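Letter by letter, the chains look like this.
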Amino acid sequence: MLLDFGKLGILKWVLITLCILVALFLILPILFIVALSFGDSRWLIFPPPGWTLDWYRDLFADPRWFEAAWTSARIALSVTVLSVVLGLLASIALVRGRFRGRELLRAIFLMPMILPVVILAVALYILFLRLGLDGSFAGFVIAHLVIALPFSIIAITNALEGFDPAIEQAAILCGASPWEARWRVTFPAISHGLFAAAIFSFLASWDEVVLAIFMASPMLQTLPVKVYTTLRQDLTPVIAAASTLLVGLTLVLMILANRLGRRRSA
Amino acid sequence: MIPPFLHINGLRKTYGPVVATEHVELSIKEGEFMTFLGPSGSGKSTTLYILAGFQDPDTGDIRLRGRSILGVPSHKRNIGMVFQRYTLFPHLSVGENVAFPLRVRRLPQAEITRKVRRALELVRLGGFEERKPASLSGGQQQRVALARALVYDPPVLLMDEPLSALDKKLREEIQYEIRRIHRETGVTILYVTHDQEEALRLSDRIAIFNAGRIEQVGTGAELYTSPATHFVADFIGDSSFLDGTIAAVEGRCADLRLGDGTLARRIPLHAPGRPGQRAELMLRPERIELSPDPGPDGASLPVLVQDVTFLGNITDVVALTAWNAPVTVRLGFMHPLSGRLTRGDRLWIRWAAETVHAFPRD
Ligand SMILES: Nc1ncnc2c1ncn2[C@@H]1O[C@H](COP(=O)(O)OP(=O)(O)O)[C@@H](O)[C@H]1O
Ligand SMILES: [Mg+2]
């Protein structure tokens, strides 16, 4: 290796310290929030003078929080299903298809990832106003689908590119019709990619806030929007409790995605 | 008249400007082991893929027992195939891989279990049912693929260079297995390879492919003793070719004037030739003599030893003629000169007229 880590001498310790500092910088705010959610100070004093579960009790006692969480979950699950199905179909075309403009199409599919979310949000908002989709469940799902699809397409095209089409041909010669071969052989064989696509799509919707703020109506609010609006009205540790739960679920899904990724590369 | 078991008739396939195969014409008997042998890109796989139904030919027909199969989709052709690359279903166990064609055909479980066991025993992998493909060696994976392709008793089994990813020793071992399986099952096999030794070892008959066409079809012995074209002569056996000019023609034989003025007498001609035409003299490495003395006039040439390669049971000698054309001579282990030759030795090559051929040039 050009840069042998063991031979860097003093520089090695500088690098290690830097890494620890960056990690702390990333993790501390989250730990801070978690600590506050269990602290008994109404005024978010840190370090908390004592510990309590009151804020979680308040959180669960308020049906509006539950409603927001349920809305978030319904939207995220719908987005997940649509994103995986559409992502799979798009990926088959992108990986297996031989047509002009394939690379261009791939670039277009990945556009929402590089486009600033605010611009996307404004554009979708204007469009949905026209279509009468603003503030509707369908509007939410479509808006989140736009940002979830690129993740789904990346995960599934990667898995599909690692799958030899000759295996599918073998299944067909074994007597399976082309769709049966895909259903019984190709899709199970790329299931790690499908799961990764599902998890990333869910997360893309679950903790999305910019589009959600534009789409939200008094009747329909996702959890991140509820956190945001509550925050603007009054600073209560209940927000810390809600955030902790959000982070918790995200963490679980990330670990799951990581596991799947590792099993694939093994 | 009874139609041939499998008849490939005037097949032609192009990919844009590329002609992959052309005029492919072949009849295969039931139970025959037919090998497509030819260099890479000569259209062997294309022909096989048309048989499998993954490609449609531009023109031509394929008839199995007299009935065209071109209109039948791949999954209804009931043909077995082993691919060059490993194609076991990665998420299924070995047993489920082999069971797959039977499950698709909705056979009862008891019959599936019985057939899967029998197929795995046929490829000597009994007891491997629970293993996952990733835990198998390349050779084992190809044997499972073979079991999967045979478990539903297809009338025809296609194999596209199934052993090309394996090392030589393992390859020979599985070649032997394939022969045994062919004997035991009696299945008709169409086998693709670019390895002449593999083709000779396995096949009843060999079709030599070159640039999308079949140059000659015959048993290994026929191809070796009477190659129809220069290409076949070159491909089967490591023949040497010496340039010459036809000096005289007598029936199907000719006298050839070689580069140093030597006259090679009464050489069998492969195509009609006339005096003055250029022709090539084909010499088989194991059918020519290497000797310190010249042979009878018109059947020998002086050479200079250029390179000696000891290969265990045989020794290959590359010698140069007076006009610097290389000739390969193969000596058996017991040959009196074996082990005594060095670069720079001056010797004679000798041949019997009936063991050499002349190919007139166009
Ligand atoms: N899908 C394809 N698209 C374009 N050209 C192809 C395709 N498949 C094969 N060819 C061309 O057809 C010719 C024959 O190929 P192939 O049948 O694979 O040869 P072989 O199996 O004897 O090596 C080659 O020139 C190859 O480049
Ligand atoms: Mg090939």
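What you see is a predicted model; the values in this text were computed from it and never measured. (Residues numbered from 1 in each chain as written. Chains lettered and ligands numbered in written order. Predicted model: local features only at pLDDT ≥ 70, side-chain atom pairs only at ≥ 80, totals over all residues. Heavy atoms only, no water.)

Student: Can you lay out the domain arrangement of chain B for me, pointing to particular residues and giving the numbers?
Tutor: Residue and element names in this part refer to chain B. By domain assignment, chain B separates into domain 1 (6-230) and domain 2 (238-292 + 299-360). Summing both partners gives a buried area of about 720 Å² for domain 1 against domain 2, and 47% of it is carried by carbon and sulfur. Here domain 1 and domain 2 share zero salt bridges between them. Taken together, domain 1 and domain 2 are joined by five residue pairs in polar contact (both at pLDDT 80 or more). It is helix 7 (residues 220-225) that provides the largest number of residues to the side of domain 1 that touches domain 2, a total of three residues. Classifying every residue of the side of domain 1 that touches domain 2 gives four nonpolar, five polar and no charged. (Domains from an automatic or database assignment. Buried area = accessible area lost by both parts, 1.4 Å probe. Salt bridge = Lys/Arg side-chain N within 4 Å of Asp/Glu carboxyl O. Polar contact = N/O pair within 3.5 Å; in protein donor to acceptor, adjacent residues only side chain to side chain. Helix = DSSP H or I, 4+ residues; strand = E, 2+ residues; numbered from the N terminus. Nonpolar A, V, L, I, M, F, W, Y, C, P; charged D, E, K, R; others polar.)

Student: Give me the lowdown on the UniProt feature "domain: ABC transporter" (unreviewed entry) in chain B, citing residues and values where you can.
Tutor: As annotated in UniProt, the feature "domain: ABC transporter" (unreviewed entry) corresponds to residues 6-236 of chain B in the numbering used here. Across residues 6-236 of chain B, helical content stands at 36% and strand content at 26%; the span's end C-alpha atoms are separated by 25 Å. (UniProt positions renumbered as here; feature names shortened; annotations may be inferred.)

Student: I'd like a description of the UniProt feature "transmembrane region" (unreviewed entry) in chain A, backed by residues and values.
Tutor: In this structure's numbering, the residues bearing the UniProt feature "transmembrane region" (unreviewed entry) are residues 12-38, 75-95, 107-131, 137-160, 194-215 and 235-257 of chain A. Along residues 194-215 of chain A one finds 86% helix and 0% strand; the C-alpha atoms at either end are 28 Å apart.

Student: How would you summarise the UniProt feature "domain: ABC transmembrane type-1" (unreviewed entry) in chain A if you had to cite specific residues and measurements?
Tutor: Under the feature "domain: ABC transmembrane type-1" (unreviewed entry), the UniProt entry names residues 69-257 of chain A. Secondary structure over residues 69-257 of chain A splits into 83% helix and 0% strand, and the C-alpha atoms at its two ends are 22 Å apart.

Student: Run through the packing of helix 7 (residues 165-173) of chain A against helix 8 (residues 178-189) of chain A, naming residues and quoting values.
Tutor: Residues and elements named next belong to chain A. Contact geometry of helix 7 with helix 8 gives a least axis separation of 9 Å together with a crossing angle of 120°. The angle between the axes of helix 7 and helix 8 places the two elements in the oblique class. In the crossing of helix 7 with helix 8, the sense of the turn from one axis to the other is right-handed. Taking contact as the criterion, the partners of Ile 167, Glu 168, Ala 171 and Ile 172 in helix 7 are, on helix 8, Pro 178, Ala 181, Arg 182, Val 185 and Thr 186. (Axes fitted to C-alpha atoms, helices over the stretch in contact; angles between N-to-C directions. Parallel < 35°, antiparallel > 145°, perpendicular 65-115°, else oblique. Left-handed = near helix turned anticlockwise from the far one by under 90°. Contact = heavy atoms within 4.5 Å.)

Student: Requested: an account of the sheet that holds strand 17 (residues 314-321) of chain B, with residues and values cited.
Tutor: Residues and elements named next belong to chain B. In spatial order, the strands read 15-19-16-17-18; together these five strands make up an open sheet with antiparallel pairing. Two strands in the sheet have a free side with no partner beyond their single neighbour: strand 15 (289-291) and strand 18 (326-332). Here the average twist between neighbouring strands, direction ignored, is 45°. Bridge count for strand 15 against strand 19 (residues 346-350) is three bridges, and the pairing is antiparallel. Its bridge partner being in strand 19, Leu 290 is matched across the sheet by Ile 349. (Pairing = 2+ DSSP bridges.)

Student: Tell me about the sheet that holds strand 12 (residues 253-258) of chain B, residues and numbers included.
Tutor: Residues and elements named next belong to chain B. One open sheet accounts for five strands, arranged 13-12-11-14-20; its pairing is antiparallel. Sheet topology places strand 13 (263-268) and strand 20 (357-360) at the edges, where each strand pairs with a single neighbour. Strand-to-strand, the axes of this sheet are offset by a mean angle of 45°, without reference to chain direction. Note that strand 11 (residues 240-250) and strand 12 share six bridges and pair antiparallel. Looking across to strand 12, one finds that Ile 246 is bridged to Leu 256.

Student: Can you tell me about the interface of chain B and chain A, naming the residues and giving the values?
Tutor: The partner chain A presents 18 residues to the 23 residues of chain B that form the contact. Summed over both sides, the interface of chain B with chain A buries roughly 1800 Å², with 68% coming from carbon and sulfur. In terms of surface lost to chain A, no three residues of chain B exceed His 75, His 91 and Phe 100 of chain B, which account for 30% of the buried area on that side. Linking chain B with chain A are one salt bridge, by the criterion used here. For the salt bridge of Arg 85 of chain B with Asp 164 of chain A, the shortest nitrogen-to-oxygen distance reads 2.6 Å. Taken together, chain B and chain A are joined by four residue pairs in polar contact (both at pLDDT 80 or more).

Student: Describe the pairing of strand 7 (residues 156-160) of chain B, with residues and values.
Tutor: Residues and elements named next belong to chain B. Counting buried positions along strand 7 yields five of five residues, so the element is predominantly enclosed. Where burial is concerned, the two faces of strand 7 agree: the one with Val 156, Leu 158 and Asp 160 and the one with Leu 157 and Met 159 are both buried. Pairing of strand 6 (residues 80-82) with strand 7 involves three bridges; the strand directions are parallel. Across the sheet, Gly 80 pairs through a bridge with Leu 157, a residue of strand 7. Pairing of strand 7 with strand 8 (residues 188-193) involves five bridges; the strand directions are parallel. Bridging across to strand 8, Met 159 finds its partner in Tyr 191. Once the chain exits strand 7 it traverses helix 5 (residues 168-185) before rejoining the sheet at strand 8, and the crossover so formed is right-handed. (Buried < 20%, exposed > 50% of the residue type's maximum accessible area, 1.4 Å probe, protein only. Right-handed = clockwise from strand over helix to strand, strands pointing away.)

Student: I'd like a rundown of the packing of aromatic side chains, residues and numbers included.
Tutor: The relation between two aromatic rings is expressed through the spacing of the ring centres and the mutual angle of the planes. Residues and elements named next belong to chain B. Applying the stated criterion to the full structure yields 11 aromatic pairs over all chains. Ring geometry for Phe 36 versus Phe 209: centroids 4.9 Å apart, planes at 40°, classification tilted. With a gap of 173 residues between them, Phe 36 in strand 3 (residues 33-37) and Phe 209 in strand 9 (residues 205-210) connect regions that are remote in the sequence. Phe 209 sits in the buried class, given a relative accessible area of 0%. (Phe/Tyr/Trp six-rings, centres within 6.5 Å; stacked < 30°, edge-to-face > 60°.)

Student: Lay out the site of ligand 1 in plain terms, naming residues and giving numbers.
Tutor: Residues and elements named next belong to chain B. All residues in the neighbourhood of ligand 1 are listed as Tyr 15, Val 18, Ala 20, Pro 39, Ser 40, Gly 41, Ser 42, Gly 43, Lys 44, Ser 45 and Thr 46. Taking Gly 43, its main chain carries an N or O atom lying 3.0 Å from an oxygen atom of ligand 1. Protein burial of ligand 1: of its 560 Å² of free accessible surface, 60% is covered by the chains. If you list the elements that add at least two residues to the shell around ligand 1, you get strand 2 (18-28) and helix 1 (44-52). (Near = heavy atom within 4 Å. Areas by Shrake-Rupley, 256 points an atom, 1.4 Å probe, with all protein chains shown as cover.)

Student: Outline the packing of helix 8 of chain A against helix 2 (residues 94-104) of chain B, supporting the account with residue identities and numerical values.
Tutor: In the contact formed by helix 8 of chain A and helix 2 of chain B, the axes pass within 13 Å of each other and the chain directions differ by 145°. When you trace helix 8 of chain A past helix 2 of chain B, the crossing you get is right-handed. In contact with Glu 180, Arg 184 and Val 185 of chain A of helix 8 of chain A, helix 2 of chain B contributes Phe 100, Arg 103 and Val 104 of chain B. Grouping the constituent residues of the contact of helix 8 of chain A with helix 2 of chain B by class yields three nonpolar, no polar and three charged.

Student: Lay out unusual backbone geometry in plain terms, naming residues and giving numbers.
Tutor: Residues and elements named next belong to chain B. Despite not being glycine, Asp 153 has its phi angle at roughly 50°, a positive value. On the basis of relative accessibility, which here comes to 49%, the residue Asp 153 falls in the partly exposed class. In this model, Glu 161 sits at a positive phi of 45°, which is unusual for a non-glycine residue. Mapped onto the secondary structure, Glu 161 falls in the loop between strand 7 and helix 5.

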